[in-house]
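# Residue-level structural notes
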Amino acid sequence: VRALTNTQLGFAPRVARAFDADYQVMARSGIGLVRNYLGANPGHEMPMVYRAAPPAGPDWNPGIVVIALGSNDFTDGVTDQMALIKTYEDGVIAFAAELQDRYPDSVLIFATAGDEYEFTDATRAALKRLDPARRNRATQVVFPERALTGCYDHPSLADQATMAKTITDWIETNPEIWHANDTRP
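Residues numbered from 1 in each chain as written. Predicted model: local features only at pLDDT ≥ 70, side-chain atom pairs only at ≥ 80, totals over all residues. Heavy atoms only, no water.

What follows covers helix 3 (residues 81–102). Helix length check: helix 3 (22 residues) gives 31 Å between terminal C-alpha atoms against 32 Å at 1.5 Å per residue, within 8%. The set of residues buried in helix 3 consists of Leu-84, Ile-85, Tyr-88, Glu-89, Gly-91, Val-92, Phe-95, Ala-96, Ala-97, Glu-98, Leu-99 and Gln-100. Residues of helix 3 that are buried in the fold lie against helix 2 (46–52), strand 1 (64–67), strand 2 (107–112), helix 4 (118–129), helix 5 (132–135) and strand 3 (138–142). The opening residue of helix 3, the one whose side-chain oxygen lies 3.3 Å from the backbone nitrogen of Met-82, is Asp-80. (Helix = DSSP H or I, 4+ residues; strand = E, 2+ residues; numbered from the N terminus. Expected span 1.5 Å × (residues − 1). Buried < 20%, exposed > 50% of the residue type's maximum accessible area, 1.4 Å probe, protein only. Contact = heavy atoms within 4.5 Å. Polar contact = N/O pair within 3.5 Å; in protein donor to acceptor, adjacent residues only side chain to side chain.)

Residues Ile-67, Phe-95, Leu-99 and Leu-108 are the most contacted members of the largest nonpolar core, which totals 25 residues. For this core, the secondary-structure elements that each account for two or more residues are helix 2, strand 1, helix 3, strand 2 and helix 4. Top element by residues in this core is helix 3. It accounts for seven residues. In this structure, Ile-67 is in contact with Phe-95, Leu-99, Leu-108, Ile-109, Phe-110 and Ala-111, ignoring residues within four places of it in sequence. (Core = buried A, V, L, I, M, F, W, Y, C linked by side-chain atoms within 4.5 Å.)

A few words on the environment of Val-66. Within the fold, Val-66 resides in strand 1. Exposure remark for Val-66: the relative accessible area of 32% places this residue in the partly exposed category. For the pair Val-66 and Pro-42, spaced 24 residues apart in the sequence, the C-alpha separation amounts to 23 Å. Apart from the residues lying within four places of it in its own chain, the contact partners of Val-66 are Phe-11, Ile-109, Ala-111 and Ile-167.

When pLDDT is averaged along the protein chain, the result is 88; 90% of the residues meet or exceed 70. Across the protein chain, the element-wise mean pLDDT spans from 73 in helix 7 (residues 175–179) up to 96 in helix 3. (pLDDT = per-residue confidence, 0-100.)

So, on to the sheet that holds strand 3. Pairing within the open sheet is parallel, and its three strands lie in the order 1-2-3. Each having just a single partner strand, strand 1 and strand 3 make up the two edges of the open sheet. The mean inter-strand angle of the sheet, taken between neighbouring strand axes irrespective of direction, is 25 degrees. Relative to strand 3, strand 2 runs parallel, the two being bridged by five bridges. Of the residues in strand 3, the one forming a bridge with Ala-111 is Val-141. Strands in contact with helix 3 are strand 1, strand 2 and strand 3; relative to strand 2, the strand with the most contacts, it is inclined by about 145 degrees. (Pairing = 2+ DSSP bridges. Axes fitted to C-alpha atoms, helices over the stretch in contact; angles between N-to-C directions.)

Structure representation (structure tokens):
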């Protein structure tokens, strides 16, 4: 996957280009929020990897942080689905708090796949459980159905374009979240 990946064609850079914004991408195939693909590599889920990554810079203060996690958490091999849903919801709440503490002026967008997936409902439930002071700076955007015909069932280039449009459209219909942090001349 790494050898065939061109991050510039992914949804995050496309969204950033739509707003002439700086961006940082932190992604890894198979990574989850609380459980990686098929339960592999425990202890190296996104929150742990994120904490260990070098900062983007001393002045990095994004207006928007997009978190697109969940599909790997709910792959095969789960013996107790209800326990995973609870753990996942708690993970969303904890990661949201960590990101909001790190970037107090940012809005978090939890981007999830269609409503047929368990993690979409779990994300929705977790965001409702956020402390009210945090809830107004976090939202969920649900991607339309994706073909997932990229290598190893990843989103295709067409999927990436659709995902970028979904997020771009949400930002454009909520301009106050973007322009509140815009310090460009």
